[in-house]
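Chain and residue survey
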Amino acid sequence: MNNLSQKINVLVIGDMMIDHYIYGNCNRISPEAPVQVVEVQKEEYTLGGAGNVLKNLIAFDCKVSVISITGTDEHGQMVLEQLNSCGVSTTGILQDPSRCTTVKSRVLASNHHLIRLDRENLSNITADLEKELLKTLQNEIDQFDIVLVSDYNKGLLTPAFLKEIFCICREKGIKTLVDPKGTDFSKYKGVNVIKPNKKEAALATGIAIKDRESLQEACAVLKELTGCDQVIITLSEEGIAYYTENKLSLIPTKALGVIDVTGAGDTVLAALGVSLASKKSLQEACEFANHAAAIVVSKVGSAVASFEEIDQRFPKI
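Anyway, here's the lowdown on the structure attached to this text. (Residues numbered from 1 in each chain as written. Predicted model: local features only at pLDDT ≥ 70, side-chain atom pairs only at ≥ 80, totals over all residues. Heavy atoms only, no water.)

Moving on, we come to the nonpolar core. Ranked by internal contacts, the top residues of the largest apolar core, which has 52 residues, are Val 10, Met 16, Leu 57, Phe 60, Leu 83 and Leu 148. Beyond its immediate sequence surroundings of up to four residues, Leu 148 is in contact with Val 10, Leu 11, Val 12, Ile 13, Val 53, Leu 57, Leu 177, Leu 269, Ala 270 and Gly 273. Formed by 43 residues, the second largest nonpolar core is a distinct cluster that contains Ile 125, Leu 157, Ile 209 and Leu 235. (Core = buried A, V, L, I, M, F, W, Y, C linked by side-chain atoms within 4.5 Å. Buried < 20%, exposed > 50% of the residue type's maximum accessible area, 1.4 Å probe, protein only. Contact = heavy atoms within 4.5 Å.)

Next up, the structure:
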C-alpha cells in the first residue's frame with residue numbers, strides 16, 4: 001500500500017486548532033467539592049481539527065497545503081510553529097486579531113478521558129477574510145489533486161465561502177471531499193463527496209438511521225441536498241457505508257479494540273482523500289479508510305496511521 005500516495009498533492013481547507021492533552025493520575029476526591037483530583041504528570045500540544053487531517057496526510061507521505069485562519073494569540077503562533085515543524089507552508093494561514101485560536105484541552109487519567117475544556121470563537125469570518133482566502137485558493141488550485149474540506153463549525157467555512165470553494169474546484173475539475181458539521185447540509189451544495197458520521201447524517205436528514213433501509217434513505221436525501229456524486233457515512237463500530245449510483249454498500253469495521261475515538265474522523269477523511277486522489281475506486285477508498293481508522297482508535301489521543309502500520313496489522317489489504 002505504501003505506493004498509494006506517490007506525488008499526491010492535497011489541499012486541506014478547514015478549522016485549524018490546538019489539541020491540548022493533560023495527562024495525570026487520579027487517586028483521590030477533592031475535599032473542596034465531590035470531584036476527582038488529577039495529579040498532572042505531563043502536557044502535550046498538537047495540531048487538531050483540520051490540523052489533524054494534515055498530520056494524517058503527512059503520515060501517508062502526501063504533499064500537503066492548508067487554507068485556514070487562527071487568532072494572533074500564543075496558540076495561533078503555536079499553530080504556525082507546528083506547521084513549520086511538519087514542513088507545511090503557512091502562507092495559506094491568515095491571522096485574525098479579533099478572534100481566539102480554538103484550543104481543546106482534554107484531561108486524561110490512566111487513559112480515561114475525564115473532561116474537555118474548549119476555548120473558541122464561533123462567529124463567521126468577515127467577507128474581507130473570505131476574499132483573501134479565495135484569492136489564495138485561485139492562485140494555487142492548479143497544483144492540487146484533491147481538496148479536503150474539514151468543517152468543525154468554528155466560523156471559517158461560511159455558506160458563501162463554501163460555495164466559492166466548490167465552484168472554483170469544479171471549474172478546474174478537482175474533486176472535493178467534505179467532512180461536514182451542523183444540520184444544514186445545503187451549504188455543501190456542489191461538493192463531490194460528503195462524509196458525515198451516522199449521527200450527523202441523521203440530524204441533517206431528519207431520518208432516524210436504524211437499519212439498512214433508513215440508511216439508504218438518508219444517503220439519498222444527502223445526495224439530493226448537496227448534489228454530490230457520492231455519500232460516505234461512518235458508522236462507528238458498524239463500519240462504513242457508501243452510496244453511489246443509487247446503490248448502498250456496507251463495509252464492516254476492522255477495529256479489534258477501541259481505546260480512543262478522538263480524531264478517527266480526521267483519519268478517515270485523510271485516507272479517503274489520498275485513495276480517491278490516487279484513482280482508487282470508492283470501495284477501495286472506504287476499505288483503506290476503514291483499516292486506517294482501526295489503527296487510530298487503538299491509540300490514545302488524535303493519533304495517525306502509517307502505511308507500515310496498516311500493512312503490518314492488515315497484510316492482505
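Taking strand neighbours across the sheet as the criterion, the four strands line up as E3-E2-E6-E7 in an open arrangement whose pairing is mixed. Two strands lie at the open edges of the sheet, namely strand E3 (36-49) and strand E7 (112-119), each paired on one side alone. Taken pair by pair, the neighbouring strands of this sheet meet at an average axis angle of 20°, ignoring direction. Here helix H2 (residues 74-85) sits on the sheet in contact with strand E2 (16-29), E3 and strand E6 (102-109), set at roughly 60° to E3. (Pairing = 2+ DSSP bridges. Helix = DSSP H or I, 4+ residues; strand = E, 2+ residues; numbered from the N terminus. Axes fitted to C-alpha atoms, helices over the stretch in contact; angles between N-to-C directions.)

Two quantities define a packed helix pair, namely the angle between the axes and the distance from one axis to the other. Where helix H7 (residues 264-277) contacts helix H8 (residues 282-296), the two axes come as close as 8 Å, and the packing angle between them is 145°. In this structure, H7 crosses over H8, and the sense of that crossing is right-handed. For the pair H7 and H8, contact is made by Ala 264, Thr 267, Val 268, Ala 271, Leu 272, Val 274, Ser 275 and Leu 276 and by Leu 282, Ala 285, Cys 286, Phe 288, Ala 289, Ala 292, Ala 293 and Val 296, respectively. Taken together, the residues of the contact of H7 with H8 break down into 14 nonpolar, two polar and no charged. (Left-handed = near helix turned anticlockwise from the far one by under 90°. Nonpolar A, V, L, I, M, F, W, Y, C, P; charged D, E, K, R; others polar.)

Before going further, it helps to spend a moment on the pairing of E7. Taken residue by residue, a regular strand's side chains alternate between the two faces of the sheet. Taken together, the seven bridges between E6 and E7 define a ladder with antiparallel strand orientation. If you follow Ala 109 over to E7, its bridge partner there is His 112. Turn length for the E6-E7 hairpin, with the two strands adjacent in sequence and antiparallel, is two residues, and the turn residue Ser 110 shows positive phi of about 50°.

Before going further, it helps to spend a moment on H2. Taking 1.5 Å per residue, twelve residues should reach 16 Å; H2 reaches 16 Å between its end C-alpha atoms and fits that length. Every buried residue of H2 is accounted for by His 75, Gly 76, Met 78, Val 79, Leu 80, Gln 82 and Leu 83. Backbone geometry just downstream of H2 places Gly 87 in the positive-phi region, at approximately 80°. (Expected span 1.5 Å × (residues − 1).)

Moving on, we get to a nonpolar patch on the surface. On the surface, a nonpolar cluster with roughly 250 Å² of combined accessible area is contributed by Leu 114, Ile 115 and Leu 117. Among the secondary structure elements, Leu 114 is positioned in strand E7. Of the residues examined, Leu 114 reaches a relative accessible area of 33% and is grouped as partly exposed. (Patch = residues over 30% accessible without salt bridge, like charges linked within 9 Å, V, L, I, M, F, W, Y side chains within 5 Å. Areas by Shrake-Rupley, 256 points an atom, 1.4 Å probe, with all protein chains shown as cover. Salt bridge = Lys/Arg side-chain N within 4 Å of Asp/Glu carboxyl O.)

Right, let's talk about the side chain of Asn 56 for a bit. Within the secondary structure, Asn 56 is located in helix H1 (residues 50-59). In terms of polar contacts, Asn 56 uses its side chain to reach the side chain of Thr 267, at 2.9 Å. Not counting residues up to four positions away in its chain, the partners in contact with Asn 56 are Asp 266, Thr 267, Ala 270, Val 296, Ala 303, Val 304 and Ala 305. (Polar contact = N/O pair within 3.5 Å; in protein donor to acceptor, adjacent residues only side chain to side chain.)

What follows concerns the environment of Glu 74. Position of Glu 74 relative to the elements: it lies in helix H2. For Glu 74, a relative accessible area of 60% puts it in the exposed group. C-alpha separation for the pair Glu 74 and Thr 101, spaced 27 residues apart in sequence, amounts to 8.4 Å.

The quantities given are spatial measurements derived from coordinates; they are silent on function.
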